[in-house]
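Summary of structural features
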Amino acid sequence: MSWDIFVQDLPPDAATVADIPDDFEPAPLMERSALIERIRGVVSEADFGDPAWGRIEGPGFSIEVNIGNEDPVRGFAFHVRGGDLAVGIVADVLERLGLRALDPGSGSGFFERGAAVASLTAWRDYRSRVLD
């Protein structure tokens, strides 16, 4: 199980996911090679031996980056396991990419750096209850 963050083109003025117009069509993000290069610009040790499925390992956490095979990339996901330090990595990558992401566990539905640790903590609590 993982805490999943979904990245795609999202309206910059939407404060919550409810603010996204029903007819909104996300644009492609960028070429896969450019996406991988930008992620490595933040996390140089990111492993993209498989360009569709990257891995970022850190102290007490791991992040799988599911980019898929589509090129250009229309969206991708971070699958986070472990400690709170992963939140900073996700936030830094999103900032570098200039993109927003969906966090189903947040109040707004969007990934927000300031609220993401609470979202990850709530997910870990949920996971613990489910697995017990």
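1. A short note on the packing of aromatic side chains
Under the defined criterion, the tally for this structure stands at two aromatic pairs. Ring geometry for Trp-3 and Phe-111: centres 6.3 Å apart, planes at 45°, overall tilted. Of this pair, Trp-3 sits in strand β1 (residues 3–8) while Phe-111 sits in the loop between β5 (100–102) and α3 (113–131), and the two are 108 residues apart along the sequence. Each of the two residues, Trp-3 as well as Phe-111, counts as buried. Measuring from centroid to centroid gives 5.3 Å for Phe-76 and Phe-78, while their planes differ by 75°, and the two rings are edge-to-face. In this arrangement the basic side chain of Arg-100 is found over the ring face of Phe-110, its NZ or CZ atom lying 3.9 Å from the centre.

2. Observations concerning the nonpolar core
Formed by 33 residues in total, the largest nonpolar core has its most connected members in Trp-3, Ile-63, Val-65, Phe-76, Phe-78 and Phe-111. Of all elements in the fold, only β1, α1 (32–42), β3 (61–66), β4 (75–82), α2 (85–97) and α3 reach the threshold of two or more residues within this core. Considering each element in turn, this core owes the most residues, seven residues, to α2. Discounting chain neighbours no more than four positions away, the residues touching Phe-111 are Trp-3, Ile-5, Val-87, Val-90, Ala-91, Leu-94, Ala-101, Leu-102, Asp-103 and Ala-116.

3. Digging into a nonpolar patch on the surface
There is a patch of nonpolar side chains on the surface, built from Met-1, Tyr-126, Val-130 and Leu-131 and spanning about 410 Å² of accessible area. For Val-130, the location among the structural elements is in helix α3. Exposure remark for Val-130: the relative accessible area of 44% places this residue in the partly exposed category.

4. Comments concerning the packing of α2 against α3
Two elements in contact, α2 and α3, have axes separated by 10 Å at closest approach and are oriented at 140°. Considering the relative orientation of α2 and α3, their crossing is right-handed. Across the interface between the two elements, Val-87, Gly-88, Ala-91, Asp-92 and Glu-95 of α2 pack against Arg-113, Ala-116, Val-117 and Leu-120 of α3. Partitioned by chemical class, the residues of the contact of α2 with α3 number five nonpolar, one polar and three charged.

Reading the values: the criteria
Residues numbered from 1 in each chain as written. Predicted model: local features only at pLDDT ≥ 70, side-chain atom pairs only at ≥ 80, totals over all residues. Heavy atoms only, no water. Phe/Tyr/Trp six-rings, centres within 6.5 Å; stacked < 30°, edge-to-face > 60°. Helix = DSSP H or I, 4+ residues; strand = E, 2+ residues; numbered from the N terminus. Buried < 20%, exposed > 50% of the residue type's maximum accessible area, 1.4 Å probe, protein only. Lys NZ or Arg CZ within 6 Å of the ring centre and 35° of its normal. Core = buried A, V, L, I, M, F, W, Y, C linked by side-chain atoms within 4.5 Å. Contact = heavy atoms within 4.5 Å. Patch = residues over 30% accessible without salt bridge, like charges linked within 9 Å, V, L, I, M, F, W, Y side chains within 5 Å. Areas by Shrake-Rupley, 256 points an atom, 1.4 Å probe, with all protein chains shown as cover. Salt bridge = Lys/Arg side-chain N within 4 Å of Asp/Glu carboxyl O. Axes fitted to C-alpha atoms, helices over the stretch in contact; angles between N-to-C directions. Left-handed = near helix turned anticlockwise from the far one by under 90°. Nonpolar A, V, L, I, M, F, W, Y, C, P; charged D, E, K, R; others polar.

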